[in-house]
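Architecture and fold: a report
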Amino acid sequence: MKWGGCVGIRPIRVRIFVVIIELDDLSDTRLRDYVALTDVSLRKSLEAERGLYMAEGDKVIRRAIRVGHQPRSFLMAQRWLDPLRPAIEQATGSADGGNTPVFIASEQLIEQLTGFHVHRGALAAMHRPPERDLAEIIGPDSSARRIVVLENLVNHTNTGAVFRSVAAMGFDGVLLTDSATDPLYRRAVRVSMGSVFKLPWTRIHGWPRALSTLKEHGWITVALALREDALSLDEFAQLDMVRADDSRIALILGTEGDGLSPATIKHADYTVMIPMAAGIDSLNVAAAGAVAAWELRVRSR
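These notes cover the structure that comes with them. (Residues numbered from 1 in each chain as written. Predicted model: local features only at pLDDT ≥ 70, side-chain atom pairs only at ≥ 80, totals over all residues. Heavy atoms only, no water.)

For helix α2 (residues 58-66), the complete set of buried residues consists of Asp58, Val60, Ile61, Ala64 and Ile65. Each buried residue of α2 sits inside an arc of 165° when the element is viewed along its axis, so together they form one side. Looking at the packing, one finds that the buried side of α2 touches β4 (52-56), β5 (71-76), α3 (81-92), β7 (122-127), α7 (186-191) and α8 (195-198). Positive backbone phi, approximately 100°, marks glycine 68, located one or two places after α2. (Buried < 20%, exposed > 50% of the residue type's maximum accessible area, 1.4 Å probe, protein only. Helix = DSSP H or I, 4+ residues; strand = E, 2+ residues; numbered from the N terminus. Arc of directions from axis to C-beta. Contact = heavy atoms within 4.5 Å.)

See the structure below:
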């Protein structure tokens with residue numbers, strides 16, 4: 001019998017793969033993606049440098065994989081291995097991860113590595129997808145009708161909550177100013193319950209001058225701010241230009257504490273406020289965003 005020109009020698013087929021890796025120490029250099037996740041400024045720097053983000057919790061991991069994001073590795077407690085095998089196989093082509101390491105460790109060891117209690121004992125280091133082009137979301141060829149602009153939001157919990165709320169209300173995208181936090185930071189991803197994967201988002205540079213870019217593409221810019229001359233939210237929502245079938249509304253939310261910058265309020269098409277009762281002066285930015293998104297949703301959808 002001839003095999004590859006050699007007589008009597010059967011070729012050896014070699015499959016290269018990585019089996020499930022059970023950890024009893026933290027010396028494996030492939031674990032560096034998971035080290036000291038509590039240092040926000042350090043993590044933001046490292047994640048940008050390495051092109052990664054962290055998916056925390058089984059539901060978030062599944063949703064990231066469902067939209068096509070690719071894992072670098074997985075780290076989980078033993079109890080999550082079987083429930084996550086279908087997602088691991090979908091992402092890697094193999095239930096054991098193939099060439100993508102799947103690290104198994106006790107929850108105590110995971111906490112020691114990351115520096116915090118991991119939500120539901122499962123993490124995945126994911127390759128960061130490329131940033132979208134602004135025109136994809138706001139340009140003339142975009143079908144988007146409702147977007148939110150986050151001006152300098154720095155709290156990851158609020159950012160994640162806004163993503164989750166506006167996605168639920170049928171908004172089509174999120175724009176973040178240069179100083180706003182990273183939507184793919186671990187806590188923002190978890191609080192959004194994976195909405196940051198579904199909802200198109202990108203940075204809008206040169207804010208607030210970039211308000212003019214929105215207007216050029218037919219967007220009505222709406223600053224949510226507590227001002228005496230502001231329209232009430234329900235009044236604004238009833239305007240014909242808002243209720244029109246082709247209306248494009250950009251809702252602008254300001255940073256925690258200071259709210260929107262004076263320049264943004266000055267140059268926005270409208271300033272809108274949510275009327276308060278019971279002596280309450282304002283809502284948290286995530287709560288205010290949810291209320292406004294509901295009132296300004298596209299009713300025909």
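So that's the structure; there's more coming.
What follows concerns the sheet that holds strand β13 (residues 249-253). Pairing in this open sheet of seven strands is parallel, and the strands run β10-β9-β8-β13-β11-β14-β12 from one edge to the other. Each edge of the open sheet is held by one strand with a lone partner, namely β10 (201-203) and β12 (231-232). Bridging between β12 and strand β14 (residues 270-273) involves two bridges; their strand directions are parallel. Looking across to β14, one finds that serine 232 is bridged to methionine 273. Taken strand by strand, helix α6 (residues 156-168) contacts β8 (146-150), β9 (173-176), β10 and β13, and its axis lies near 170° from that of β8. Its contacts with the sheet put helix α13 (residues 285-295) on β11 (220-224) and β13, and the angle it makes with β13 is roughly 160°. (Pairing = 2+ DSSP bridges. Axes fitted to C-alpha atoms, helices over the stretch in contact; angles between N-to-C directions.)

According to the stated counting rule, one finds two aromatic pairs in the structure shown. Measuring from centroid to centroid gives 5.6 Å for tyrosine 53 and phenylalanine 197, while their planes differ by 45°, and the two rings are tilted. Taken as a pair, tyrosine 53 in strand β4 and phenylalanine 197 in helix α8 lie far apart in primary sequence, 144 residues in all. The class for tyrosine 53 is buried, based on a relative accessible area of 0%. According to the relative accessible area criterion, phenylalanine 197 is buried, its value standing at 9%. Centroid distance phenylalanine 236 to tyrosine 270: 5.1 Å. Interplanar angle 55°. Geometry classified as tilted. Of this pair, phenylalanine 236 sits in helix α10 (residues 233-237) while tyrosine 270 sits in strand β14, placing them 34 residues apart in sequence. Taking NZ or CZ as reference, arginine 297 lies 3.5 Å from the ring centre of tryptophan 294, over its face. (Phe/Tyr/Trp six-rings, centres within 6.5 Å; stacked < 30°, edge-to-face > 60°. Lys NZ or Arg CZ within 6 Å of the ring centre and 35° of its normal.)

Any functional reading would require information that these geometric values do not contain.
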